[in-house]
Amino acid sequence: MEEDPPSPQKRSTSPPPPFTLPVDSDKKATEFRPFSPSSLSSPHMRAFHLAWLSLFSCFFSTFSIPPLIPIIRHDLNLTDTDVGTAGMASFLGSIFSRLAMGPVCDLLGPRVASATLSLITAPIVLSASLVSSPQSFILVRFLVGFCLANFVANQFWMSSMFSGCVVGLANGVSAGWANMGAGVSQLLMPLIFTAITSLNVGTHTAWRLAFIVPSAFQALTAIMVLIYGQDLPSGNYKDFKKTKTESREEKFVHVLFNGLKNYRGWILGLTYGFCFGVELTTDNIIAQYFYDRFGVNLQVAGTIAASFGMANLFSRPMGGVISDEMGRRFGIRGRLWGLWAVQTAAGLLCVLLGRVNSLWGSVLVMCVFSVFVQAAGGLTFGVVPFVSKRSLGVISGMTGSGGTVGAVVTQMLLFSGSKFSKQTSISLMGLMMIVCTLPVSLIYFPQWGGMFCGPSFDPSEPADEHYRLLQ
C-alpha cells in the first residue's frame, strides 16, 4: 500500500472549499477527469489543461526547426556537423533551465515560473527568422531550448494538484499530450512553409515567416496560464506564503540541498536521460533520417516523423496508468519493475530500428518503439512524486534535466559528425538505453522497499520518522 506523494502546501484546519472533484486531506484530486466539462470549474483540471497546452506550445516551438532543416540547410550552407551541433545545442540549453526551474517552482509556484519562461523565450523563437549564418543558427537553437524547462513546471503542477492514486496518470497525460507538440510541429511546419510559398513567396523568406506561428502560440498560452491558472488547490503560492509563519518556512538553500543529496533523484535523472532524452534525439533526427536514407520528400518525411511524436497522445499516459496500477497492486516495487521492463523493451526496439532496411518496416518498428519509449517517460514520473516531500521541485528538475542531458550525450556521441552511419547510431542508442536502465534496481525506499527488497522501517515508528526518510 503506497502513501500519497508529498504535498507542497500546508494542511489547513479550515473547511475545505467546494470542489467538483473528490479530494483528499491535502485537497488534491483523487479522480482524473480530463474530458468532463463540469470539471473545468475545479482548479485541478484547469491546471491540467493549462499545463499541457503551455508545454505543448514549447515543444511545438523547439521542434519547429528540424522539419525545415532540409530547406534551412541549403539556404544557410549548413554542414552535417552544423546541423548536429545545433541539435545538441537545443538540448544543452534546457539542461540548465530545467535544473533551475525546479527550485524556482518550489519558491514561486509553477504558474508564474511556467508563464514567465514562455514569455521570455517566445521572442527567441521568432528570432529564428533572422538567422543568417551557421553560428547564429546554433545560438538560436540553444536559446530556444530553454523553453523545454516548462516540463518541470508541468510535472510539479500536476503533483501539487493530484493525489497519489492518480498522480502517475495525471503526470503521464499532461506530459504526453504536451509532447505531441513535437509531432504536430513535424507535421504542420512543412505545411505552413508550403502554404507560404504558394503565395509566391520565395523559399528564402517563406521558412523565416513560418516561425511567426510557434512564437505567437507560445506567448498566447503563457498569458492564459497567468490569467486562468492556480498554483495549488487552495490558491496561489503568493497567497499561501502570507499564511505561513516565518519559523515554519523552509529556506531555499535547505530545499535545494535536500533534493541534491537524494540519490534516487540522480538515478531517475539517468533513467529519464535514456527514455525522454532518446525521444528528443529521435524527434531531432528522424525526419532527416527518412529523407536521406529512403529518399522520401519533405512532406512525407515530416508525416512519418510526426507519427513518432503523435503517439504521445496515448503512450505516455499509458505509462502513467501502468505505474498507478502497478503501484496499487505491488506498491513502489511495482512502479520500479514496470519502469525497468518497459524501458528495456524500448531499448531493444531501438536496436531493431537501426537494423531494418525497408521503408515500411522502419516505419512500423519506429511506431512501436515510440509507444514504449514514451510510456517509459510516464513510468519515470510515476515514481518522482514519491521521492521527496520537501524538495519535489528539485527532484523534478533533476529528473527533467537528466532527460536533456541524455539527449545531448546521444546527439553528441552518435549524431554530430559521428563516424557511424545513422542507422548504426540508432542501434547503439538502443544499447545505451538498456544499460542505463539497470540502475533502477538500486532505488530503495526504507518505508516501501525496492525492486528486490521489502521495507526496512519499523511500522511502530512515528509518522515524523517516515517524513524524515523521504527528505
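On a predicted model such as this, the values are computed, not experimentally measured, just so you know. (Residues numbered from 1 in each chain as written. Predicted model: local features only at pLDDT ≥ 70, side-chain atom pairs only at ≥ 80, totals over all residues. Heavy atoms only, no water.)

Caption draft 1: Representation of the overall build of the protein chain in the model. Broken down by element type, the protein chain carries 20 helices and two strands. Taken over 471 residues, the protein chain has a buried fraction of 59%. By sequence separation, contacts in the protein chain at least 24 residues apart represent 80% of the contacts at least 6 residues apart. A total of about 17600 Å² of accessible surface is found on the protein chain, and carbon and sulfur atoms cover 68% of it. (Helix = DSSP H or I, 4+ residues; strand = E, 2+ residues; numbered from the N terminus. Buried < 20%, exposed > 50% of the residue type's maximum accessible area, 1.4 Å probe, protein only. Contact = heavy atoms within 4.5 Å. Areas by Shrake-Rupley, 256 points an atom, 1.4 Å probe, with all protein chains shown as cover.)

Caption draft 2: Quick peek at the confidence of the model for the protein chain. In this model, the protein chain carries an average pLDDT of 84, and 89% of its residues clear a pLDDT of 70 or more. Long-range and interchain partners of residues 245-249, a stretch whose pLDDT sits below 50, account for four contacts in this model, where long-range means more than four residues apart. Here residues 462-471 is modelled with pLDDT under 50, and outside its nearest four sequence neighbours on either side it reaches 24 contacts, counting other chains as well. (pLDDT = per-residue confidence, 0-100.)

Caption draft 3: Quick look at helix H17 (residues 359-383). Spanning 25 residues, H17 covers 37 Å between terminal C-alpha atoms, matching the ideal 36 Å at 1.5 Å per step. Counted residue by residue, H17 has 18 buried out of 25 residues, so it is predominantly covered. (Expected span 1.5 Å × (residues − 1).)

Caption draft 4: How the structure looks around the pattern of salt bridges. Per the counting criterion, the structure on display carries five salt bridges. For arginine 335, the salt bridge is made with aspartate 324, and the minimal N-O distance between the two is 3.3 Å. Of this pair, arginine 335 sits in helix H16 (residues 332-355) while aspartate 324 sits in helix H15 (residues 315-330), placing them eleven residues apart in sequence. When sorted by exposure, arginine 335 lands in the same class as aspartate 324, which is buried. Glutamate 325 serves as the salt-bridge partner of arginine 328, at 3.2 Å between the closest nitrogen and oxygen. Taken together, the residues arginine 328 and glutamate 325, both in helix H15 and three residues apart, mark about one turn of the helix. (Salt bridge = Lys/Arg side-chain N within 4 Å of Asp/Glu carboxyl O.)

Caption draft 5: Quick peek at the packing of helix H13 (residues 276-294) against helix H14 (residues 298-310). Put simply, H13 and H14 touch, their axes get as near as 8 Å, and they point 155° apart. Judged by the inter-axis angle, H13 sits roughly antiparallel to H14. Here the hand of the crossing between H13 and H14 comes out right-handed. Across the interface between the two elements, Glu279, Thr282, Asp283, Ile286, Ala287, Phe290 and Tyr291 from H13 touch Leu298, Ala301, Ile304, Ala305, Phe308 and Gly309 from H14. Of the residues assigned to the contact of H13 with H14, the class counts are nine nonpolar, two polar and two charged. (Axes fitted to C-alpha atoms, helices over the stretch in contact; angles between N-to-C directions. Parallel < 35°, antiparallel > 145°, perpendicular 65-115°, else oblique. Left-handed = near helix turned anticlockwise from the far one by under 90°. Nonpolar A, V, L, I, M, F, W, Y, C, P; charged D, E, K, R; others polar.)

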